[in-house]
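Geometric and topological summary
The primary structure of each chain is shown beneath.
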Amino acid sequence: MSTDDPLPDRPAPDNPSGKLVLLRHGETEWSRQGRHTGLTDIPLTAHGEDLARGAGRLVTGYDFSLVLTSPLQRARRTAELAGLDARIDPLLVEWDYGGYEGRTTREIRAELGYNWSAFTHGVVRGQTPGETVEEVAARASRVLTRVLPAMGEGDVALVAHGHFLRILTAVYLRLAPRFGAQITLDAGSVSVLSFYREQPAILSWNYGPELPLVPSES
């Protein structure tokens, strides 16, 4: 049993009234290029900082009882520029891509000779050990055990990463973690989860300054 990440003192409420607001960090140079960016700690681009400020404008009407951010600088800076007073939660880091860190899907597919995806085929060990989809989902589950009780007191914001937030959303919706492959998330976007008639639901997804024309590559 982990003593660094204890479970809460009370279970999740049945039908919390608060919203769960997800902010994906703004653009980085690697996200712009479609490179898998897991634990590599790189900054936002100037455009990414603009996206972070825009995300902040989108969430001004929420009454946050809890704001958590990944410790990686692209998330922390996004929270800062969005005007959110966030506490760091190490569980919010991005998927550890292991040996596929910094590489694009196109490059990996060319090497393997088939249509690889992280959700379907997983990653390999590299300078870091890598994670399975289920291991990422387990981290997301522990985040939600902390988040759901707080949603009984107000809204909650999570500032984190594309793949992690997609998997967390699948766990929130009580679906298999690999459902995250079917919902894309753009840099600097805001999404809102809630409860509708006692069921976890998506209230708004991938909201940003403009409608996306193509799925996000990272």
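So, a few notes on the structure that sits alongside this text. Each chain has its residues counted from 1, following the order in which its sequence is written. Local features in a predicted model are, by the rule used here, given only for residues with pLDDT of at least 70; side-chain atom pairs are given and counted only at 80 or more, and totals for whole chains, interfaces and linings are based on all residues. Derived side-chain values reflect all non-hydrogen atoms in the structure, with water molecules and hydrogen atoms excluded from consideration.

In this text, helices come from DSSP runs of H or I with a minimum length of four residues, and strands from runs of E with a minimum of two, each type numbered from the N-terminal end. By secondary structure assignment, the location of Asn206 is in strand β6 (residues 199-207). Each polar contact in these results corresponds to two N or O atoms within 3.5 Å; when the atoms are within protein, one needs to be able to donate a hydrogen and the other to accept it, and residues that are neighboring in sequence are counted only if both atoms are side-chain atoms. Of the polar contacts made by the side chain of Asn206, one reaches the side chain of Asp186; its length is 2.6 Å. One polar contact links Asn206 to Ser189, side chain to side chain, over a distance of 3.3 Å. The residues contacting Asn206, other than those within four sequence positions of it, are Thr184, Leu185, Asp186, Ser189, Val190, Ser191 and Pro212. Here a residue-residue contact requires only that any non-hydrogen atoms of the pair lie within 4.5 Å.

Helices are assigned an expected span. That span is 1.5 Å times one less than the residue count. Counted at 1.5 Å a residue, the expected span for helix α6 (residues 133-150) with its 18 residues is 26 Å, and the 26 Å between its end C-alpha atoms agrees. What we call the bend at a residue is the angle made by axes fitted to the seven residues finishing there and the seven residues starting there. At Leu144, α6 is deflected by roughly 25°, the largest bend along its length. Turning to α6, its buried residues number three or more, namely Val133, Val136, Ala137, Arg139, Ala140, Val143, Leu144, Val147, Leu148, Pro149 and Ala150. Next to the buried residues of α6 lie β1 (20-24), β2 (64-69), α5 (118-121), β4 (155-160), α7 (162-172) and β5 (190-196). Three labels apply to residues, based on accessible area from a 1.4 Å probe with only protein chains included: buried if under 20% of the type maximum, exposed if over 50%, partly exposed otherwise in between.

On to the nonpolar core, then. Put simply, buried Ala, Val, Leu, Ile, Met, Phe, Trp, Tyr and Cys residues joined by side-chain atoms within 4.5 Å make one nonpolar core. Core analysis: the biggest nonpolar cluster contains 36 residues, and Leu20, Trp95, Val147, Leu158, Phe164, Leu168 and Tyr172 have the highest contact counts within it. Among the elements of the structure, β1, β2, α5, α6, β4, α7 and β5 are those that each provide at least two residues to this core. By residue number, the principal contributor to this core is α6, which donates nine residues. Beyond its immediate sequence surroundings of up to four residues, Leu158 is in contact with Leu20, Val21, Leu22, Leu23, Leu68, Leu92, Val143, Val147 and Leu168. Counting residues in each nonpolar core, the second largest holds 13 residues, with Ala55, Leu84, Val159 and Val192 among its members.

The angle between two axes is taken between their N-to-C directions and runs from 0 to 180 degrees, where each axis is a line fitted to C-alpha atoms and a helix contributes only its stretch in contact. Across the interface, helix α2 (residues 46-58) lies against helix α3 (residues 73-81) with an axial gap of 7 Å and an inter-helix angle of 50°. Classed by the angle they form, the pair α2 and α3 counts as oblique. Seen from above, α2 lies across α3 with right-handed handedness. Between α2, through Glu49, Ala52 and Arg53, and α3, the contact on the second element is made entirely by Arg77, Thr78 and Leu81. Each angle is binned into one of four classes, with values under 35 degrees roughly parallel, values over 145 roughly antiparallel, values of 65 to 115 roughly perpendicular, and all other values oblique. Rotating anticlockwise by less than a right angle from the far helix to the near helix defines a left-handed crossing, while the corresponding clockwise rotation defines a right-handed one.

Take a side-chain nitrogen of Lys or Arg and a carboxyl oxygen of Asp or Glu: if they are within 4 Å of each other, that pair is a salt bridge. Counted under the stated rule, the structure contains 10 salt bridges. A salt bridge links Arg32 to Glu29; the nearest nitrogen and oxygen atoms lie 2.3 Å apart. With Arg32 and Glu29 both in helix α1 (residues 29-33), this residue pair falls three residues apart, about one helical turn. Judged by its relative accessible area of 33%, Glu29 falls in the partly exposed class. Across the pair Asp50 and Arg53 runs a salt bridge whose closest N-O atoms are separated by 3.0 Å. Of this pair, Asp50 and Arg53 both sit in helix α2, separated by three residues, roughly a single helical turn. The network of salt bridges with common partners includes Glu49, Asp50, Arg53, Arg77 and Glu80.

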